[in-house]
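# Examination of the molecular architecture
In case you want the letters, here they are:
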Amino acid sequence: MFTKRYLVVSVIGFLLLLGAGFFIAPLQALPTLIKEKAVQDGAKVTVRFQITPGDSPTTTYSDIEQFVQGQHTVPIGIEQQVAGMHPGETKTFPLSAEEGFGPYDETKIQTVPPAELPLDAREGDTIANPAGTTARIVRILPEKALLDLNHPLAGQPLLVSLQIVTVENSDEEATLP
């Protein structure tokens, strides 16, 4: 009994001798650790997002997406907005059509023989080729089919809400708590 009490008192006395610096130093280092895990070029970022087209406020697109910041696999407007954010941070912002998925491009309407479509294809369906390029079937006629290769949100202003889930820099990872 004497030994346990002596040990507890000794540990408490030792911690008191160390003073507040023992507890404050790690807390002061925390902002530095967080800053290292901010979204920056080359970081693999996982975001939870919701996109609402400006012309259809009742329609939303929600998902979780992962991308490498700076590789422009997501719209440049989104990359600019997430730069410097940390896991757990949320942000809502508008994007013009140009900042989002670009303007609608009439030259991305193509015609193909209907035989090249899947057998069960219908107007309005989205199809993909083996390379991963997607197209929306606009019209199917006996002699040709019209495909729209524009992104479904091209030409539309958008309202984007997102939350950073994880940021993985070259040798470390930060995750939403």
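Residues numbered from 1 in each chain as written. Predicted model: local features only at pLDDT ≥ 70, side-chain atom pairs only at ≥ 80, totals over all residues. Heavy atoms only, no water.

### Some remarks on unusual backbone geometry
Cut-off, in case you're wondering: Runs of H or I in DSSP of at least four residues are treated as helices and runs of E of at least two as strands, each being numbered from the N terminus. Burial classes: relative accessible area under 20% of the type maximum marks a residue as buried, over 50% as exposed, and values in between as partly exposed (1.4 Å probe, protein chains only).
Even without glycine at this site, His72 takes up a positive phi of about 60°. Topologically, His72 is positioned in the loop between β2 (61-68) and α3 (76-82). Look at His72 and you get exposed, because its relative accessible area is 53%.

### Looking at the environment of Leu162
How we decide: Note on definitions: a residue-residue contact is assigned when non-hydrogen atoms from the two residues lie within 4.5 Å.
Along the polypeptide, Leu162 turns up in strand β8 (residues 158-168). Overall, the relative accessible area of 5% leaves Leu162 in the buried class. With 73 residues separating them along the chain, Leu162 and Glu89 place their C-alpha atoms 8.4 Å apart. Excluding residues within four positions of it along the chain, Leu162 makes contact with Arg48, Phe49, Ile78, Val82, Met85, Glu89, Thr90, Lys91 and Phe93.

### Quick notes on the layout of surface pockets
What counts here: Every definition here rests on a 1 Å grid over the protein atoms only: cavities are sets of points where a 1.4 Å probe fits but cannot get out, pockets are open sets enclosed by protein on both sides within 12 Å along at least five of seven lines, and lining residues have some atom within 4 Å of a point. Grid points are joined across faces, edges and corners, and a volume is the space filled by probe spheres set on the points. Polar here means any residue other than Ala, Val, Leu, Ile, Met, Phe, Trp, Tyr, Cys and Pro, which are nonpolar, and Asp, Glu, Lys and Arg, which are charged; Gly is therefore polar.
Estimated volume of the largest pocket: approximately 410 Å³. Lining of the largest pocket is provided by 16 residues; of these, Phe49, Ile51, Glu65, Phe101 and His151 occupy positions nearest its centre. Sorting the residues of the lining of the largest pocket by element identifies β1 (44-53) and β2 as the ones contributing at least two each. Its residues placed into classes, the lining of the largest pocket shows 12 nonpolar, 3 polar and 1 charged.

### Some details on the confidence of the model for the protein chain
Detailed reading of the predicted coordinates is not advisable wherever pLDDT falls low. Short version of the rule: pLDDT gives the predictor's per-residue confidence on a scale running from 0 to 100.
Per-chain confidence: the protein chain averages 83 in pLDDT, with 75% of residues scoring 70 or above. Confidence over residues 22-32 falls short of pLDDT 50; this stretch has 2 contacts with residues more than four positions distant or in other chains.

### What to know about the nonpolar core
For the record, the criterion: Only buried residues count toward a nonpolar core. Its members are Ala, Val, Leu, Ile, Met, Phe, Trp, Tyr and Cys residues joined through side-chain atoms within 4.5 Å.
One finds Val45, Ile78, Val82, Val160, Leu162 and Ile164 to be the most contacted residues of the largest nonpolar core, which totals 19 residues. Counting only elements with at least two residues in this core, the list comes to β1, α3, β3 (90-95) and β8. Broken down by element, the residue count for this core peaks at 5 residues, all from β8.

### As for the sheet that holds strand β4 (residues 109-112)
The following threshold applies: Two strands pair under a simple rule: DSSP has to find at least two bridges between them. Note on geometry: axes are lines fitted to C-alpha atoms, helical ones only across the stretch in contact, with angles between N-to-C directions running from 0 to 180 degrees.
Taken together, the 4 strands give an open sheet; going across it, the order is β4-β7-β6-β5, and neighbouring strands pair in antiparallel fashion. Strands with a single pairing partner mark the edges of an open sheet, and in this sheet they are β4 and β5 (126-128). Here the average twist between neighbouring strands, direction ignored, is 40°. Pairing between strand β6 (residues 134-140) and strand β7 (residues 145-148): 4 bridges, direction antiparallel. From the neighbouring strand, Ile137 faces β7, where its bridge partner is Leu147.

### Structural notes on the side chain of Gln163
As a reminder of what qualifies: Whenever a nitrogen or oxygen atom comes within 3.5 Å of another N or O atom, the pair is scored as a polar contact, on the condition that within protein one atom can donate a hydrogen and the other can accept it, and that pairs from neighbouring residues in sequence are kept only if both atoms are in side chains.
Within the secondary structure, Gln163 is located in strand β8. A distance of 2.7 Å separates the side chain of Gln163 from the side chain of Arg48, its partner in a polar contact.

### What to know about the side chain of Thr46
Secondary-structure assignment places Thr46 in strand β1. With a relative accessible area of 11%, Thr46 lands in the buried category. A polar contact is formed between the side chain of Thr46 and the side chain of Thr166, at a distance of 2.9 Å. When residues no more than four places from it in sequence are discounted, the contact partners of Thr46 are Ile64, Glu65, Gln66, Gln163, Ile164, Val165 and Thr166.

### Some points on the environment of Lys44
Secondary-structure assignment places Lys44 in strand β1. You can call Lys44 partly exposed: its relative accessible area is 33%. Remark: the alpha-carbon pair of Lys44 and Phe67, spanning 23 residues in sequence, is separated by 5.7 Å. Apart from the residues lying within four places of it in its own chain, the contact partners of Lys44 are Gln66, Phe67, Val68, Thr166, Val167 and Glu168.

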